[in-house]
Structure formats: structure tokens, C-alpha cells
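# Overview (structure and organization)
Now for the letters of each chain:
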Amino acid sequence: MTGTATNAAVLFETVWRRLVGLLAGTVTGACALVLLVAAWPWRGRWAPRLAAVERARLSAWLGHDAGPAVPGPGYLALRGLVGLVGGYVVLSVAFVGVLFLSGSLWAMLYGGGDLVSLRLPGVRLATESWAIGVTCGLAALGLSALWCLMVVSAERRLAVRFLGPGREDLMRRRIAELTATRSGIVRAVDDERRRIERDLHDGVQQRGVALAMLLGRARHSPALAPELVDQAYAETRRLLDELRDVAWRIYPTALDELGLRAALAGVAERAGVPVTVHYGLRDRPVSEAETALYFVAREAITNAVKHSGARDILVILDEDEREVRVAVSDDGRGGADPAGGGLSGLARRVLALDGRFEVGDGEGGGTRVSASLPKQPPGERVTGVRPPCG
């Protein structure tokens with residue numbers, strides 16, 4: 001019961017604050033329209049002050065931290081109309097609701113109500129007039145509260161559109177983005193672990209079992225030992241190659257030792273089809289971006305070879321002042337599924353670094369996979385504010 005009472009108190013306080021903010025907005029909206037008509041030539045003096053009042057009202061009563069922009073005539077006109085119309089409707093409907101309720105309660109307490117017969121299609125009701133009044137009053141107050149919330153939402157949207165989001169809103173958005181990308185990278189790590197487990201179980205473990213069986217047979221069959229040892233030796237070589245491939249798929253040492261160009265050259269050599277790499281990066285990217293670019297290129301090449309039937313693959317890496325990009329195009333069948341295990345994991349990895357990941361059809365058919373990553377890690381950047389309009 002205590003929790004329910006607390007929630008009800010919080011809800012009542014929120015609605016009350018929104019209502020006070022809306023009524024204050026009615027006054028400021030009327031002032032804005034009057035000033036637009038009567039004092040437009042002197043807007044350089046009163047517009048910043050009116051904007052300061054609006055920011056204070058939005059922050060104190062509507063729960064919105066507006067940006068620092070000075071409002072233009074578009075915002076002032078829309079804000080004035082929304083404030084006047086919204087406040088008038090709220091006050092009118094609420095006043096009608098209060099009248100219905102007060103009159104109905106008076107009739108209920110002092111017995112002044114009449115019996116009212118309602119005839120509807122297929123329905124006939126007889127009830128007291130005060131019951132109808134209470135119902136209409138509660139409905140009017142409910143509609144008034146709903147309209148109040150709608151007007152508050154419209155005012156907040158106008159503030160975001162013309163004044164820009166404030167620091168608190170930007171912080172909340174950033175926290176939401178980080179929460180989503182953190183969950184995504186956790187899923188990507190889990191998917192990668194499952195893939196490694198499958199590689200070890202289906203490849204390395206089977207090679208190891210075969211090697212153990214060959215050595216067991218050689219131990220119990222001395223006559224066949226030389227032949228079985230030769231087979232065991234060949235199986236050992238295949239096991240080492242399998243281990244090397246698994247380790248390379250997990251993380252290539254060439255990426256740390258020689259850089260992205262050398263690591264992609266190794267991927268091109270192992271692809272089995274012609275892979276052309278155009279490396280247009282002047283400097284070596286930061287470690288997080290370099291690793292993500294490598295895995296995007298490697299996974300796209302692997303998918304093109306295995307699933308698309310590509311005969312030629314093109315990898316392009318370039319950059320500008322803010323981003324590094326990789327694009328992998330092939331001439332295969334196309335139709336890659338972005339929700340597939342490998343590509344979805346890459347998308348989560350890229351998004352965790354504040355990048356963009358896209359999968360689509362190439363210009364001449366086939367598939368095009370691209371990723372763009374900021375040059376600076378997310379922790380070293382400050383999120384900017386989009387310039388306001390109006």
C-alpha cells in the first residue's frame with residue numbers, strides 16, 4: 001500500500017507540475033504573440049529574455065532542459081499558438097468538468113437530483129441525474145489531463161526542434177546509446193565464443209581424437225606401427241594447421257605486429273578467390289577501429305567466398321578528417337542477410353564504437369558491406385549539439 005500511495009503521489013505531482021507549466025506557457029505564449037505584432041523591430045532586446053523565461057519554464061515544470069539557441073520568429077509564433085490554444089482548451093474542459101462534479105455532488109448530498117431515462121438503440125436506462133453528472137465530470141477532467149500531456153509533449157518537441165536539446169537530454173540519450181551498444185557487444189562476444197567452441201569441437205578435437213586412435217593402434221599392432229606412425233605424423237600436421245587457422249580466425253598476430261595492411265594481405269591470400277585491396281589510409285588507425293575494420297573485411301570476404309559464389313572481391317579503405325571506412329564488394333549472387341550471425345555480430349561491434357554498418361547490393365550486383373568508424377575512441381570524444389533551426 002505504501003508503494004501504491006507513493007506512486008500515486010508522484011503521478012499527482014507530475015500532472016500538477018505539467019498543468020502549472022502549461023498555464024504559465026499560456027501567459028508567455030500570449031506575450032510572445034503580442035510582442036511579435038507590436039514590438040517586432042526591437043526583437044533583439046526582448047527575444048533573448050523571453051527565451052530565458054521559456055527555458056526556465058521548460059526546466060522547472062515540463063522536465064525539459066532546452067538548448068542555448070535564441071528563438072526565431074517561427075518558434076515564437078508556434079509557441080504562442082500552442083500555448084494559447086492548449087491553455088484555453090485545458091481550462092475550458094477542466095472548468096466544465098468541475099461544474100459537472102460540483103453540481104452532481106451537491107445533488108447527491110442534498111437530494112436535488114432527478115430521475116433521467118436514457119433511451120439508446122437496444123438499451124433503456126433509468127438513472128439519477130447526479131450519476132450522469134459525475135460521469136461527465138470525470139470524463140471531462142480525464143480529457144483535460146490527456147490534452148494537457150499532449151500539449152506538453154508538443155511544447156517539448158518544439159523546444160528540441162528550435163532551441164536544441166540541452167546537456168541533460170544529450171546525456172540521457174548518450175546513456176541510452178551506451179546501454180544498447182554494451183548489450184550488443186556482450187551478445188557479440190558470446191556469439192564469438194560459441195563460434196570458437198564449434199571450431200575447436202568440429203575441427204581440432206576431431207583431429208586430436210583421430211591422432212589418439214592412430215597412436216593407440218600403433219601401440220597394439222607392432223607390425224603396422226611404421227604405417228600408422230606415418231599416418232599419425234600426417235594427422236599431426238593437419239592438427240597444427242587447424243590450430244593455426246583457429247588462432248588466426250580468433251585474432252591474427254600480424255594485425256598487432258605489422259598492421260592492418262599486412263593482416264588484410266593475409267586474408268586475401270587465404271581467400272581462394274582474387275581479392276584486391278585498395279589501402280588509402282595515411283596513418284595507422286587506433287587499435288579499436290583497426291580491429292573492427294579488420295574483422296568487417298575478413299567476415300565480408302569469408303561470406304562472399306562461402307555463400308555468394310563470388311569470383312572477384314574488392315576491398316577499399318579510405319578516410320577523411322573524422323572517419324575511417326572500409327567497403328567490401330563482390331560479384332556474387334548477393335542477397336546477404338544483415339541479421340545473420342556473422343554480420344549482426346559485426347554490426348554490434350561497429351555500433352559499440354559509435355560507427356555505422358551497412359549491408360546492401362553492389363552497383364553491378366553482388367553484395368556490398370561497409371563500415372565507418374570515428375578516428376577517436378568513444379571515450380575521448382565529446383558529443384556535439386546539432387545546430388538548432390528557426
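Residues numbered from 1 in each chain as written. Predicted model: local features only at pLDDT ≥ 70, side-chain atom pairs only at ≥ 80, totals over all residues. Heavy atoms only, no water.

### Observations regarding the overall build of the chain
Check the secondary structure of the chain and you find 10 helices and 7 strands. Counted over contacts in the chain with a minimum sequence separation of 6, partners at least 24 positions apart contribute 70%. Element-wise, carbon and sulfur atoms account for 61% of the exposed surface of the chain, whose accessible area totals about 23,300 Å². (Helix = DSSP H or I, 4+ residues; strand = E, 2+ residues; numbered from the N terminus. Contact = heavy atoms within 4.5 Å. Areas by Shrake-Rupley, 256 points an atom, 1.4 Å probe, with all protein chains shown as cover.)

### Examining the environment of Val328
With respect to the element layout, Val328 can be found in strand β5 (residues 323–330). Relative accessible area serves as the criterion here: at 2%, Val328 is assigned to the buried category. Spatially, the C-alpha atom of Val328 lies 8.0 Å from that of Thr367, the residues being 39 residues apart in sequence. (Buried < 20%, exposed > 50% of the residue type's maximum accessible area, 1.4 Å probe, protein only.)

### Let's talk about the sheet that holds strand β4 (residues 313–319)
The mixed open sheet is built from 5 strands, whose spatial order is β3-β4-β5-β7-β6. Each having just a single partner strand, β3 (275–279) and β6 (356–361) make up the two edges of the open sheet. Adjacent strand axes in the sheet meet at a mean angle of 10° when their direction is disregarded. Across 5 bridges, the pairing between β3 and β4 is parallel. Residue pairing in the sheet places Val275 in a bridge with Ile313 of β4. In the packing of helix α8 (residues 260–270) onto the sheet, the strands contacted are β3 and β4, and the crossing angle to β3 comes to about 170°. Packed onto the sheet, helix α9 (residues 287–308) meets β3, β4, β5, β6 and β7 (367–374) and runs at close to 5° relative to β5. (Pairing = 2+ DSSP bridges. Axes fitted to C-alpha atoms, helices over the stretch in contact; angles between N-to-C directions.)

### Brief notes about the nonpolar core
Counting residues in each nonpolar core, the largest one holds 37 residues, and the members touching the most others are Leu260, Ile313, Val315, Leu317, Val326 and Phe357. Residue assignment for this core shows that the elements contributing at least two residues are α8, β3, α9, β4, β5, α10 (341–352) and β7. Top element by residues in this core is α9. It accounts for 10 residues. Ignoring any residue separated from it by four or fewer positions in sequence, one finds Val315 in contact with Val275, Thr276, Val277, His278, Ala297, Ile301, Val326, Ala327 and Val328. Of all hydrophobic cores here, the second largest spans 19 residues; its members include Ala47, Leu62, Leu76 and Ala159. (Core = buried A, V, L, I, M, F, W, Y, C linked by side-chain atoms within 4.5 Å.)

### With respect to the confidence of the model for the chain
On average, residues of the chain score 77 in pLDDT, and 77% of them reach the 70 mark or higher. When pLDDT is averaged over each helix and strand of the chain, the minimum, 66, is found for strand β1 (residues 115–120) and the maximum, 92, for β4. Confidence drops under a pLDDT of 50 for residues 381–390, and excluding neighbours within four residues, the segment shows 17 contacts in the predicted structure. (pLDDT = per-residue confidence, 0-100.)

### Observations concerning unusual backbone geometry
For Asp354, which is not glycine, the phi torsion reads 65° and is therefore positive. Note on placement: Asp354 falls in the loop between α10 and β6. Judged by relative accessible area, which is 28%, Asp354 ranks as partly exposed.

### Focus on a nonpolar patch on the surface
Residues Leu105, Trp106, Met108, Leu109 and Tyr110 make up a contiguous nonpolar surface patch of roughly 610 Å² in combined accessible area. Relative to the helices and strands, Leu105 is located in helix α3 (residues 73–110). Residue class for Leu105 comes out partly exposed when judged on its relative accessible area of 40%. (Patch = residues over 30% accessible without salt bridge, like charges linked within 9 Å, V, L, I, M, F, W, Y side chains within 5 Å. Salt bridge = Lys/Arg side-chain N within 4 Å of Asp/Glu carboxyl O.)

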